[in-house]
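# Fold and geometry: a report
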Amino acid sequence: MNVVVIGSGYVGLVTGCCLAEAGNNVVCVDHDVKKVNALTGGTLPFYEPELEAILDEQIQGGRLTFTTSIRHAMGKANVVFLAVGTPPNSDGSANLHNLLDCAKTLGQAIPDDCVVVVKSTVPVGTCERIRRILNNATEIGRHTQRISIASNPEFLAEGRAVQDFRDPDRIVIGADDPHAFSVLSDLYAPFNLDGNRLILMDIRSAEFAKYACNSMLAARISMINELSGLAGALSADINAICRVLKGDARIGGSYLHPGVGYGGSCLPKDLSALIDLAQTVDEPADMLRSIQKVNLDQRERLFHAIRTHFNDKLRGKTIGVWGLSFKPGTDDVRAAPSLSLISSLVQAGAIVRAYDPVAEHAAQKALGDMQVHYSPCAMDVCANADALAVMTEWEEFGHPDFKEVAHQMRGNMIFDARGLYQSETLQRYGLEHYVLGQNKFGRVKMNVAQNNQRTWKQWFARQEGGEAAHSNLRKIVP
Ligand SMILES: NC(=O)c1ccc[n+]([C@@H]2O[C@H](COP(=O)([O-])OP(=O)(O)OC[C@H]3O[C@@H](n4cnc5c(N)ncnc54)[C@H](O)[C@@H]3O)[C@@H](O)[C@H]2O)c1
């Protein structure tokens, strides 16, 4: 098939590469000229395992090309995917500006029988809006045929995106005409490995399904974090409790690891967008709000613990930070807990030394001119550090040389924001271990983050817009 993918970010590029690999002719579009030039030359603009090899192979094979022009790309397209970003507005709602802009251009270039597929995560009703835009544009243009539109939300996870696309748990297609179902079922046939991955439904349900999944994942993370805090306060062992939870088949084992909470480009913004959507239909969405609050509180707890450890005197203290990306396997730092911690530390006068295997550049861009010393390796971060905060569970942080860590550090406190280590192991090297929720100074009356949810959303929106984050983050430092 001839496929066009508009938006060459984490989702669009993986979609384009994997569909080309399956034998389709794919044109990827992006309005970022630098990105298109880099991709044409076979260079990935971000880190994603396995993707560069496919990119290279498909460009060489002539099945994958890049352009900045939607009109130029469309030609005889059978399917066009919209995969541009839908970042949060300052009120938490999804910003559809780029998506709707693309639809306007698309309307004047769309060939007969082409199926328009919305892959971006969008509020319920967005496909209907896009259909109206396309219908208006095509009537002014060449013909008045009914536009075939589908919602096909993406469930890939950064860091394992290629694997997820090639071997998806499920492929959701929401449409209201047989042509769209038939074209997309054919396109996805090579990925529908055992024939039962396709879930067909109406458009609005498909749009909602993506928000439902992310809300459920976020709920598990916030629930285990709340339980962890409670367990710590009651002197119970959350790790033992987790084993009990995971052993219950009704509960299942994933997303039950206490830590500093979720970040990234999806969970925070999708929760905000769904809360906003709930407001439009007068639904309270109390749980969604609590999930969000608990998540923000986790970040506050960590900073509070570090501050308390230094008796509120962070000025001049050197704090090492291991891990900048919001999770391992990616260089994505959008809404990463590491960035809010670094901003709070710098604001409090601390000297921050940071290291990440792949995300240094992305963090530098997001933090703007904030004073952070980026280290070439993990051990360099520890040199004369008064404390070390481990923010991302990269494999290389799992079993470090603790003897050397202790030797390099001036202080001895390890703030383990991902629950990676055993306290007894660290004690053998004279290191102290802080795990969120489990130590006394992690417990704090959480009234600060509650008042700052709006500020946080504003920060996130600005970061998405590429503005320096730190000026806004100052406001969330108590
Ligand atoms: N990243 C994920 O893990 C993930 C997973 C599932 C769903 N999603 C959803 O997929 C969508 C895309 O996410 P992403 O992470 O790939 O975003 P991204 O920011 O990595 O990529 C978006 C791309 O779209 C391009 N773009 C924006 N406006 C454009 C326009 N008018 N014309 C052409 N190109 C334009 C940008 O330059 C950018 O390259 C979002 O709605 C997101 O919520 C993301």
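Residues numbered from 1 in each chain as written. Predicted model: local features only at pLDDT ≥ 70, side-chain atom pairs only at ≥ 80, totals over all residues. Heavy atoms only, no water.

### A short note on helix H10 (residues 238-246)
Going by this rule: Three exposure classes are used, based on accessible area relative to the maximum for each residue type with a 1.4 Å probe and protein chains only: buried under 20%, partly exposed in between, and exposed over 50%. In DSSP terms, a helix is any run of H or I states spanning at least four residues, a strand is any run of E spanning at least two, and both are numbered starting from the N terminus. For this quantity, the arc is that covered by the directions from the helix axis to the C-beta atoms. Whether two residues are in contact is decided by their heavy atoms, any of which lying within 4.5 Å being enough. We define a polar contact as two N or O atoms separated by no more than 3.5 Å, with the added condition that, inside protein, one atom must be a possible hydrogen donor and the other a possible acceptor, whereas residues neighbouring each other in sequence contribute only through side-chain atom pairs.
Those residues of H10 that fall on the buried side of the exposure criterion are Ile 238, Cys 242 and Leu 245. An end-on view of H10 places all buried positions within 60° of arc, on one side of the element. Away from its buried face, by an angle of more than 90 degrees, H10 presents the exposed residues Arg 243 and Val 244. For H10, the secondary structure elements touched by its buried residues are helix H9 (203-233). Sitting at the amino-terminal end of H10 is Asp 237, which places a side-chain oxygen 2.9 Å from the backbone nitrogen of Asn 239.

### Side note on the pattern of salt bridges
A pair can form between side chains of opposite charge whenever their charged atoms are brought close. For clarity, the cut-off: Counted as salt bridges are all cases of a side-chain nitrogen of Lys or Arg within 4 Å of a carboxyl oxygen of Asp or Glu.
Taken as a whole and assessed by the stated rule, the structure comprises 17 salt bridges. Two residues, Arg 166 and Glu 21, come together in a salt bridge whose shortest N-O distance is 2.8 Å. In this pair, Arg 166 is assigned in helix H7 (residues 161-166) and Glu 21 in helix H1 (residues 10-21), connecting sequence segments 145 residues apart. In this structure Arg 166 comes out as partly exposed when scored by relative accessible area, which is 30%. Glu 21 sits in the partly exposed class, given a relative accessible area of 30%. Two residues, Asp 176 and Arg 131, come together in a salt bridge whose shortest N-O distance is 3.0 Å. With Asp 176 in the loop between strand E7 (171-175) and helix H8 (178-187) and Arg 131 in helix H6 (residues 126-140), this residue pair connects regions lying 45 residues apart in the sequence. Note on Arg 131: relative accessible area 12%, which makes it buried. A cluster of three or more residues bridged by salt bridges with shared partners is formed by Glu 21, Glu 50 and Arg 166.

### Focus: the site of the ligand
Note the cut-off: Being near a molecule or strand, for a residue, means having at least one of its heavy atoms within 4 Å of it. Note that accessible areas follow from Shrake-Rupley with a 1.4 Å probe, and for residues the cover is restricted to the protein chains shown.
The immediate surroundings of the ligand are formed by 25 residues, with Asp 30, Lys 35, Thr 86, Glu 158 and Lys 269 found nearest. One nitrogen or oxygen atom from the main chain of Val 11 is found 2.8 Å from an oxygen atom belonging to the ligand. Note that an oxygen atom of the ligand is positioned 2.6 Å from one of the side-chain N or O atoms of Thr 86. Look at the ligand: alone it shows 820 Å² of surface, and the protein chains cover 89% of it. Those elements that provide at least two residues to the shell around the ligand are H1 and helix H5 (97-107).

### Side note on the UniProt feature "active site" (unreviewed entry) in the protein
Heads up, the rule is: UniProt positions are given in the numbering used here, feature names are shortened, and annotations may be inferred rather than shown by experiment.
In the numbering used here, UniProt assigns the "active site" (unreviewed entry) feature to Cys 266. For Cys 266, the location among the structural elements is in the loop between H10 and helix H11 (267-280).

### Quick notes on the confidence of the model for the protein
What counts is decided by this rule: The predictor's confidence in any single residue is recorded as pLDDT, a number from 0 to 100.
When the pLDDT values of the protein are averaged, the result is 91; 90% of them are 70 or greater. Contacts of residues 442-478 to residues separated by more than four positions or lying in other chains number 84 contacts, the stretch itself having pLDDT below 50.

### Some details on helix H12 (residues 286-309)
To be explicit about the condition: How far a helix is expected to stretch is found by multiplying one less than its residue total by 1.5 Å.
With 24 residues, H12 should reach 34 Å at 1.5 Å per residue; the first-to-last C-alpha distance of 34 Å fits that figure. Where H12 terminates, the next one or two residues include Asn 311, which has phi positive at roughly 50°.

### A closer look at the sheet that holds E7
To keep it simple, the criterion reads: Strand pairing is assigned whenever DSSP identifies at least 2 bridges connecting the two strands. Lines fitted to C-alpha atoms define the axes, with helix axes restricted to the stretch in contact, and inter-axis angles between N-to-C directions lie between 0 and 180 degrees.
Spatial ordering of the open sheet is given by E3-E2-E1-E4-E5-E6-E7-E8, a layout of 8 strands whose pairing is mixed. Taken across any chain shown, the strands that pair with only one partner, and hence form the sheet edges, are strand E3 (64-67) and strand E8 (198-201). Between one strand axis and the next, the sheet turns by 25° as a mean value, whatever way the strands run. Pairing of strand E4 (residues 79-82) with strand E5 (residues 115-118) involves 4 bridges; the strand directions are parallel. For Val 79, the partnering residue across the bridge sits in E5 and is Val 115.

### Some points on unusual backbone geometry
Excluding glycine, residues mostly carry a negative phi; peptide bonds, for their part, are mostly trans. Even without a glycine there, the phi angle at Ala 285 is positive, about 55°. Note on placement: Ala 285 falls in the loop between H11 and H12. Look at Asp 312: it is not a glycine, yet its phi comes out positive at around 65°. Counting through the fold element by element, Asp 312 comes out in the loop between H12 and strand E9 (318-322). By relative accessible area, which is 57% here, Asp 312 ends up exposed.

### A look at the packing of aromatic side chains
Worth spelling out the cut-off: What counts as a ring pair is set by centres within 6.5 Å for rings of Phe, Tyr and Trp (its six-membered ring), and what kind of pair is set by the plane angle: stacked under 30 degrees, edge-to-face over 60, tilted for all other angles. Should the NZ of a Lys or the CZ of an Arg lie within 6 Å of a ring centre and within 35 degrees of the ring normal, that charge is described as sitting over the ring.
The tally for this structure, following the rule as stated, stands at 9 aromatic pairs. Seen from their ring centres, Phe 165 and Phe 191 are 5.2 Å apart, and the 80° between their planes marks the pair as edge-to-face. Note that Phe 165 is positioned in helix H7 and Phe 191 in the loop between H8 and E8, a separation of 26 residues in sequence. The pair Phe 165 / Phe 191 is uniform in exposure class, with both members buried. Through pairs of rings, three or more aromatic residues link up here, namely Phe 165, Tyr 188 and Phe 191. The ring centre of Phe 155 lies 4.0 Å from the NZ or CZ of Arg 170, which sits over that ring.

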